[in-house]
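As a plain string of letters, each chain reads:
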Amino acid sequence: MSRHEVFMKRAIQLAKGGWGKTNPNPLVGAVIVRDGEIIAEGYHQALGGPHAEVEAINNSKQDVKGSTIYVNLEPCSHYGKTPPCALKLIEAGIKKVVIAMQDPNPLVSGKGIKMLRDAGIEVIEGILEKEARVLNEIFIKYISQNMPFVIMKTAMTLDGKIASVSGDSKWISSESSRQQVHVIRDRVSAIMVGINTVLVDNPALTTRLNNGRGRDPIRIIVDSKGRIPIDSQVINVDSSSGVILATTSLIDNEKEKQLKDRGVQILKLDNPSCKGYVDLNKLMHELYKLEIDSVLLEGGGNLNAAALNCGIVDKVMFFIAPKIIGGIDAKTPIEGEGIRLMKDAISLKNLNIQRFDEDILIEGYVKGE
């Protein structure tokens, strides 16, 4: 590993400290180096707060003039909630800027680099770019496509069941696997399930981490007819995060009023090509308008199938438990009509496999670069 890669790896590690706190902003870390030694570090800690480069400069106990800064994302060149970081680096007298990747926003990409170079600062690009892109995969999709990044998560037995023939599903996966799911919930903006999951499991859809510091995502229920019970946990749980009901014009007017009275936001999104169903593509556009950059889909088999069919899923996470329960009528992760020919099967790219106790987690991307 080269010297540049060592310091960039540290910047990427620092950036992870912002997980779940900066949405819909990117995760960014910065390391300032002089004579081969780190003299200051920083990362973007919260939406609206100082960016990583500014944090690092402010944290330095010595003058940073003439030093090198490593940052996993191109310094911004525009005024947003904070002034441009590129300008701050110029004013601080930074001599060299090492960047992992350009800003994916097509309106600003490359402008920060140009500003730095026009000021006589040396800029090196592309150090650990692949790792940087994985780190900010949510931000890249959100800012470049104006759509949230969707992660489909499911837990199933070795024979592909998400519940027994009686409907029992607690618990398929191990405690370690379930804790990892809460880690992901803490990082994303929203969690989405279908109405059947609410009716069968009555989940709270909150984040419960061992350290007790979990952040609850916004809870989204896909419910075309407004069947959700008013006393459902997901509506009544004590949480500061909101609830969105994605429904259609089939919802009863009185039920809609009751839900609104309880603070539920209603989105009516009729699917013109599939009467009586929620248009999931329209839903994604509406979520983008609400600055929701990421969705963890924990729906049942029907919602999962619909999400795959309409192409909104970016990444899948399948937790596989070493259990066998069988049953021709037992539910599976992907229901619907199914794909008829193997040549048309959805193939995953860039696989990653991990172990959580005895469970195996397989992650992959539906849409590879």
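Per an unreviewed UniProt entry, the protein goes by the name Riboflavin biosynthesis protein RibD and belongs to Ruminiclostridium herbifermentans. The record in UniProt for the protein states the following under Function (unreviewed entry): "Converts 2,5-diamino-6-(ribosylamino)-4(3h)-pyrimidinone 5'-phosphate into 5-amino-6-(ribosylamino)-2,4(1h,3h)-pyrimidinedione 5'-phosphate."

Outline the packing of helix α3 (residues 85-92) against helix α4 (residues 111-118), listing residues and values.
When two helices pack together, their arrangement is captured by the angle between the axes and the distance separating the axes. The N-to-C vectors of α3 and α4 enclose an angle of 20°; their axes lie 9 Å apart at closest approach. Classified by the angle their axes make, α3 and α4 are roughly parallel. Crossing hand, α3 versus α4: right-handed. Here α3 contributes A86, L87, L89 and I90 to the contact with α4, which in turn contributes G112, M115 and L116. Considered class by class, the residues forming the contact of α3 with α4 number 6 nonpolar, 1 polar and no charged.

Help me get a handle on helix α11 (residues 280-289), residues and values and all.
Every buried residue belonging to α11 is among L280, L283, M284 and L287, and all of these are buried. Buried residues of α11, viewed axially, fall in a sector of 100°; they line one side. Between a side-chain oxygen at the N-terminus of α11 and the backbone nitrogen of N281 the separation is 3.1 Å; the capping residue is D279. Following α11 by one or two positions, E291 adopts a phi angle in the positive range, close to 60°.

Go over the domain arrangement of the protein, please, and point to the residues and values.
Domain parsing of the protein yields domain 1 (3-139) and domain 2 (146-365). A C-alpha centroid distance of 34 Å is found between domain 1 and domain 2. Contacts between the two partners involve 7 residues from domain 1, matched on the other side by 11 residues from domain 2. Of the roughly 900 Å² buried between domain 1 and domain 2, counting both surfaces, carbon and sulfur atoms make up 51%. Among the residues of domain 1 in contact with domain 2, W19, E137 and I138 are the three that bury the most area, contributing 56% of the side total. Viewed at the interface, domain 2 and domain 1 are joined by 1 salt bridge.

Hey, could you go over the UniProt feature "active site" (unreviewed entry) in the protein for me, with residue numbers and the actual values?
Per the UniProt record, "active site" (unreviewed entry) is annotated on E53. With respect to the element layout, E53 can be found in helix α2 (residues 52-59). For E53, the contacting residues outside a window of four places in its chain are A30, I69, V71, L73, P75, C85 and L89.

Outline unusual backbone geometry, listing residues and values.
Look at the link from N23 to P24: it is a cis peptide, with omega at 5°. Note the cis peptide between K170 and W171, where omega equals -5°. As for its position among the elements, W171 is in the loop between β6 (149-157) and α7 (175-187). Unlike most non-glycine residues, N202 shows phi in positive territory, near 50°. Inspection of the secondary structure assignment puts N202 in the loop between α8 (195-201) and β8 (218-222). For L205, which is not a glycine, the phi torsion comes out positive at approximately 60°. If you trace the backbone, L205 turns up in the loop between α8 and β8. According to the relative accessible area criterion, L205 is buried, its value standing at 3%.

Now, about empty space enclosed by the protein: what can you tell me, with residues and values included?
Think of a ball as big as a water molecule: rolled over the atoms, this probe shows where empty space is left. A full pass over the atoms with the stated rule returns 1 cavity of 30 Å³ or more. Roughly 40 Å³ of internal volume is contained in the largest cavity. What lines the largest cavity is simply E74, P75, C76, S77, H78, D103, V108 and G112. When grouped by side-chain class, the residues that make up the lining of the largest cavity number 3 nonpolar, 3 polar and 2 charged.

Quick rundown of the packing of α2 against α3? Include the residues and the values.
Contact geometry of α2 with α3 gives a least axis separation of 9 Å together with a crossing angle of 30°. Relative to α3, α2 is oriented roughly parallel. On α3, the residues touching E53, V54 and I57 of α2 are C85, K88, L89 and A92. Its residues placed into classes, the contact of α2 with α3 shows 5 nonpolar, no polar and 2 charged.

Let's hear about the pairing of β8: which residues, and what values?
Regular strands place side chains that alternate from one sheet face to the opposite one. Within β8, 4 of the 5 residues are buried, which leaves the element mostly enclosed by the surrounding structure. Inspection of the sheet shows β8 paired to strand β9 (residues 243-247) by 4 bridges, in the parallel sense. If you follow R219 over to β9, its bridge partner there is V243.

Give me the lowdown on the environment of V123, citing residues and values where you can.
With respect to the element layout, V123 can be found in strand β5 (residues 122-124). Each C-alpha atom of the pair V123 and V198 lies 52 Å from the other, and the pair is 75 residues apart in sequence. For V123, the residues in contact, after removing those within four places along its chain, are V97, I99, I113, L116 and R117.

Give me the layout of surface pockets: which residues, what numbers.
If you add up the space inside the second largest pocket, you get close to 1,200 Å³. For the second largest pocket, the lining is made up of 42 residues, of which R133, V134, E137, K315 and Y365 are closest to its centre. Listed by contribution, the elements that provide at least two residues to the lining of the second largest pocket are α5 (129-135), α6 (137-145), β6, α7, β12 (315-321), β13 (349-356) and β14 (359-365). Its residues placed into classes, the lining of the second largest pocket shows 16 nonpolar, 13 polar and 13 charged. Both domains that furnish three or more residues to the lining of the second largest pocket are identified here as domain 1 (3-139) and domain 2 (146-365).

Cut-offs and rules
Residues numbered from 1 in each chain as written. Predicted model: local features only at pLDDT ≥ 70, side-chain atom pairs only at ≥ 80, totals over all residues. Heavy atoms only, no water. UniProt positions renumbered as here; feature names shortened; annotations may be inferred. Axes fitted to C-alpha atoms, helices over the stretch in contact; angles between N-to-C directions. Helix = DSSP H or I, 4+ residues; strand = E, 2+ residues; numbered from the N terminus. Parallel < 35°, antiparallel > 145°, perpendicular 65-115°, else oblique. Left-handed = near helix turned anticlockwise from the far one by under 90°. Contact = heavy atoms within 4.5 Å. Nonpolar A, V, L, I, M, F, W, Y, C, P; charged D, E, K, R; others polar. Buried < 20%, exposed > 50% of the residue type's maximum accessible area, 1.4 Å probe, protein only. Arc of directions from axis to C-beta. Polar contact = N/O pair within 3.5 Å; in protein donor to acceptor, adjacent residues only side chain to side chain. Domains from an automatic or database assignment. Buried area = accessible area lost by both parts, 1.4 Å probe. Salt bridge = Lys/Arg side-chain N within 4 Å of Asp/Glu carboxyl O. 1 Å grid on protein atoms, 1.4 Å probe; cavity = no way out; pocket = protein on both sides within 12 Å on 5 of 7 lines; lining within 4 Å. Points joined across faces, edges and corners; volume = space filled by probe spheres on them. Pairing = 2+ DSSP bridges.

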